[in-house]
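Structural features, examined
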Amino acid sequence: MSVLMVDERVDFNTLKDTLQLTDGNLASHLRALEEAGYLHVEKQFVGRKPNTTYQASDLGREAFKTHLDALEQLILSNRKEN
């Protein structure tokens, strides 16, 4: 999700290279995010080659921001304790 928060649309191969994941591992994660409604998926052909692009949905963006807020609160609360 972090890559999709920076770039509006990202294709499968770019995600795979950026995240250094295998096809199967990335596909599993993307499928779970799509099923949760966090991604918009667009499949098309470029020439004769299939090209799948992904874009964070509004729900996905909000969930990611909520996740970051929770991480920030966790860090801040641990700093206060130390």
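Further up the page is the structure itself.
Each chain carries its own residue numbering, running from 1 in the direction its sequence is written. Note on the predicted model: pLDDT of at least 70 is required for a residue's local features to be given, and 80 or more for side-chain atom pairs to be given and counted; whole-chain, interface and lining totals, by contrast, use all residues. The basis for every side-chain value is the complete set of heavy atoms in the structure, and neither hydrogens nor water enter the calculation.

**Describing the sheet that holds strand β1 (residues 10–11)**
We call two strands paired when DSSP finds no fewer than two bridges between them. By definition, any uninterrupted DSSP run of H or I lasting at least four residues is a helix, any uninterrupted run of E lasting at least two residues is a strand, and each is numbered from the N terminus. The 3 strands lie next to each other as β1-β3-β2, forming an open sheet whose pairing is antiparallel. The sheet is open, and its two edges are formed by β1 and β2 (39–46), each paired on a single side. Where β1 lies against strand β3 (residues 49–56), 2 bridges are found, and the strand directions are antiparallel. Across the sheet, V10 pairs through a bridge with Y54, a residue of β3.

**What to know about the pairing of β3**
As paired strands, β2 and β3 are joined by 8 bridges and run antiparallel to one another. When the sheet's bridge partners are listed, V41 is paired in β3 with Y54. The antiparallel pairing of β2 with β3 creates a hairpin that spans 2 residues between the two strands, and G47 there sits at a positive phi of about 70°.

**With respect to the pattern of salt bridges**
By convention in these notes, a salt bridge is any Lys or Arg side-chain nitrogen within 4 Å of a carboxyl oxygen on Asp or Glu. In this structure the tally under the stated criterion is 2 salt bridges. The partner of E42 in a salt bridge is R9, with the nearest N and O atoms 3.2 Å apart. With E42 in strand β2 and R9 in the loop between α1 (2–6) and β1, this residue pair connects regions lying 33 residues apart in the sequence. Here D23 and K16 are joined by a salt bridge, their closest N and O atoms 2.8 Å apart. When accessible area is computed with a 1.4 Å probe and restricted to protein chains, residues below 20% of their type maximum are described as buried, those above 50% as exposed, and intermediate ones as partly exposed. In this structure K16 comes out as partly exposed when scored by relative accessible area, which is 22%.

**Focus: helix α2 (residues 12–19)**
Residues separated by three or four positions in an α-helix point in the same direction, a consequence of the helix having 3.6 residues per turn. Regarding α2, its N-cap is D11, as a side-chain oxygen of that residue lies 3.1 Å from the backbone nitrogen of N13 further along. Q20 sits one or two residues past α2 and shows a positive phi near 55°. Any N or O atom pair separated by 3.5 Å or less is treated as a polar contact, with the protein-specific requirement of one donor-capable and one acceptor-capable atom, and with residues adjacent in sequence counted only for side-chain atom pairs.

**Notes on the environment of L59**
Tracing the chain through its elements places L59 in helix α4 (residues 58–81). Setting aside residues up to four positions removed in sequence, L59 forms contacts with A36, G37 and Y38. A contact between two residues is defined here by any heavy atoms of the two lying within 4.5 Å.

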